[in-house]
Amino acid sequence: MTGAFDPAAFRRTYDKLIVDGRFHEVPEYYPRYRTRYEALYRTYAERAPQGPIDVLDIGGGIYATLATALRGDRCTVADLGATNADYLRRCGVASVEWNLCADDQPFTARFDAIVFSEVIEHLPVPSHLVLERLRRALKPGGFLLCTTPNLYRLRNVVYMALGKPIFDHFRMPEGRGLGHVLEFSRDHLAWQIEKAGLRLESLDLRYFPHQPYSLPFRLLSWLGRPLFLLPRWRDCLVAIARAPE
């Protein structure tokens, strides 16, 4: 049996622990992108078995903080150079450093679920190698929630038309994180997931309404909204994959 999702409880907890919390982005980022976090947390909560379960959140720890508070899950955050470890600890979330570009494998068959949201596009190594490390960290039958921008999203089409760069330079990080070094089409991400030995259960193109920071792109978002009825132009790929039993 999977867990339920309570929108009112989510929003109260999000405002208290995330908007008023300590995370990597500027404070105004989190109210602006609430719709995306709510939709993706709901995807996790409705997929996850009734808790508490063991969860690994790759990145800043938003989903780990929410899952700990709302479900009582036993959550760990894996990041590099995290500055909010003390805050996560106060929220009941453990944190570790894990460089997914290296060959380290600190966890084996440890987690029921892994949330890998908006990270894979920053890693300058073949994605199936990273996903294979995450597969090894899952318990048999555990699931991975992976999200990443859609290569064909409207923003990228406009950038290409204007001659603006879409990606950061493809290189190993040197003392700081990278921007997006690659993005994925639906077929490309599916291939990487299956190459890693995971069983792909769903891979959807999703649109999450929000207001971009830049006025020109805010106007583009308003004018282009009818295009999002076509999946190809939507912003985000959302994949659910499962480790072999």
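Coordinates for the structure precede this section.
A look at helix H8 (residues 186-195)
Within the sequence span of H8, burial applies to Leu189, Ala190, Gln192 and Ile193. Buried residues of H8 fall within an arc of 160° about the axis and therefore sit on the same side. The inward-facing, buried residues of H8 contact helix H6 (127-137), strand E5 (138-149), strand E6 (199-206) and strand E7 (236-242). Following H8 by one or two positions, glycine 197 has its phi on the positive side, about 90°.

A few points about the sheet that holds strand E2 (residues 74-79)
Spatially, E3-E2-E1-E4-E5-E7-E6 is the arrangement adopted by the seven strands of the open sheet, whose pairing is mixed. In this open sheet, the two strands that pair with only one neighbour each are strand E3 (94-97) and E6. Neighbour-to-neighbour, the strand axes of the sheet open up by a mean angle of 15°, direction not taken into account. The pairing of E6 with E7 spans seven bridges and is antiparallel. By the bridge assignment, serine 202 is partnered in E7 with isoleucine 240. Lying on the sheet, helix H4 (residues 62-71) is in contact with strand E1 (54-58), E2 and strand E4 (111-117); it crosses E2 at an angle near 170°. Contacts between H6 and the sheet are confined to E1, E4 and E5, with E5 contributing the most and set at about 145° to the helix.

Criteria and cut-off values
Residues numbered from 1 in each chain as written. Predicted model: local features only at pLDDT ≥ 70, side-chain atom pairs only at ≥ 80, totals over all residues. Heavy atoms only, no water. Buried < 20%, exposed > 50% of the residue type's maximum accessible area, 1.4 Å probe, protein only. Helix = DSSP H or I, 4+ residues; strand = E, 2+ residues; numbered from the N terminus. Arc of directions from axis to C-beta. Contact = heavy atoms within 4.5 Å. Pairing = 2+ DSSP bridges. Axes fitted to C-alpha atoms, helices over the stretch in contact; angles between N-to-C directions.

Keep in mind these values describe shape, not function.
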